[in-house]
Amino acid sequence: MKPVRFFVLIALGSLAIAPMARAENLYDTSINARDILFQPEQLIVQEDVQIYVTVRNSGSSGVEGTVIFSVNGERIGTKPFSVRAKGSPEEVWIRWTPTSVGSYTVRADVVNGIEFPD
């Protein structure tokens, strides 16, 4: 089987301006480019790969939410997360199978379980 080429597109969190004081410091989750890994690293058509994402919280409150995974603009699934304030990051993953040789855009979006989305 031929290996699959892929590109990683990361959606970094940015906090919306909140009506309450200091809300921008309460919830601040993010995923960095170095926080998305593939196992195995060499992708092969019709063989499962696990896409790992590390979610970090640099805010002052614990937060829970969902990571939305998509490939080429199509949602492939979601995974819940919860991260303590300034605590250890959480790693979540999803299984995906490339169907053909080519380039893929992989995206991971963080959606907080609160009214201020990242």
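This text goes with the structure placed above it.
Residues numbered from 1 in each chain as written. Predicted model: local features only at pLDDT ≥ 70, side-chain atom pairs only at ≥ 80, totals over all residues. Heavy atoms only, no water.

Draft legend 1. Local environment of the overall build of the protein chain. In terms of regular secondary structure, the protein chain is built from 1 helix and 8 strands. The helix and strand sequence of the protein chain, counted from the amino end, reads β-α-β-β-β-β-β-β-β. For the protein chain, long-range pairs separated by at least 24 residues make up 67% of all intrachain contacts whose partners lie at least 6 apart in sequence. (Helix = DSSP H or I, 4+ residues; strand = E, 2+ residues; numbered from the N terminus. Contact = heavy atoms within 4.5 Å.)

Draft legend 2. Structural context of the pairing of strand β6 (residues 74-83). Sheet topology places strand β5 (residues 63-71) next to β6; 9 bridges connect them, and they run antiparallel. Following the sheet pairing, Ser-70 is matched in β6 by Arg-75. (Pairing = 2+ DSSP bridges.)

Draft legend 3. Broad picture of the pattern of salt bridges. One pass over the full model with this rule turns up 2 salt bridges. Across the salt bridge formed by Arg-56 and Asp-35, the nearest N and O atoms sit 2.9 Å from each other. Here Asp-35 lies in the loop between β2 (29-30) and β3 (36-39) and Arg-56 lies in strand β4 (residues 49-57), a separation of 21 residues in the sequence. Overall, Arg-56 belongs to the partly exposed group, its relative accessible area being 28%. We note a salt bridge from Asp-109 to Arg-107, for which the minimum N-O separation is 2.9 Å. We classify Asp-109 as buried; its relative accessible area is 19%. What makes Arg-107 partly exposed here is its relative accessible area of 33%. (Salt bridge = Lys/Arg side-chain N within 4 Å of Asp/Glu carboxyl O. Buried < 20%, exposed > 50% of the residue type's maximum accessible area, 1.4 Å probe, protein only.)

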